[in-house]
Amino acid sequence: MNPRDGLQDVIMSGFAEPPNAQGSALVAMHIFYQNADGSMTDKTSQVISNNAIEGAGTGIKTADIDGDGYIDIFIPPGQDGV
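Below is a summary of the structure that appears in this document. (Residues numbered from 1 in each chain as written. Predicted model: local features only at pLDDT ≥ 70, side-chain atom pairs only at ≥ 80, totals over all residues. Heavy atoms only, no water.)

### Some thoughts on the overall build of the protein chain
Helices and strands together make up the secondary structure of the protein chain, namely one helix and six strands. Across the 82 residues in the protein chain, those meeting the buried criterion constitute 21%. Surface summary for the protein chain: the accessible area is close to 5,400 Å², and the carbon and sulfur share equals 52%. (Helix = DSSP H or I, 4+ residues; strand = E, 2+ residues; numbered from the N terminus. Buried < 20%, exposed > 50% of the residue type's maximum accessible area, 1.4 Å probe, protein only. Areas by Shrake-Rupley, 256 points an atom, 1.4 Å probe, with all protein chains shown as cover.)

### Describing the environment of Asn35
Mapped onto the secondary structure, Asn35 falls in the loop between β2 (26-34) and β3 (40-42). Along the chain, Asn35 and Asp9 lie 26 residues apart, while their C-alpha atoms are 9.0 Å from each other.

### Things to note about the side chain of Gln34
Tracing the chain through its elements places Gln34 in strand β2. On the basis of relative accessibility, which here comes to 19%, the residue Gln34 falls in the buried class. Only 3.1 Å separates the side chain of Gln34 from the backbone nitrogen of Gln8, close enough to count as a polar contact. (Polar contact = N/O pair within 3.5 Å; in protein donor to acceptor, adjacent residues only side chain to side chain.)

Read these as geometric descriptors, not functional statements.
Shown next as structure tokens:
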């Protein structure tokens, strides 16, 4: 169970609460690794330190950013540059 085992893993983001009057809201992030038996294990706390971030994570980008042959995850900063 690791991000380079060839199994499909999942990253999700969504609003943890409705946006306030200024349009800002907490966004919750969750990361799940797939196990060999097809079940999923929540690895959020081992990958990111805080899964509820003000305005961040409303978009998730994936690409081989560092050219190592593996897909990387980029979470753009929120409205406040978080």
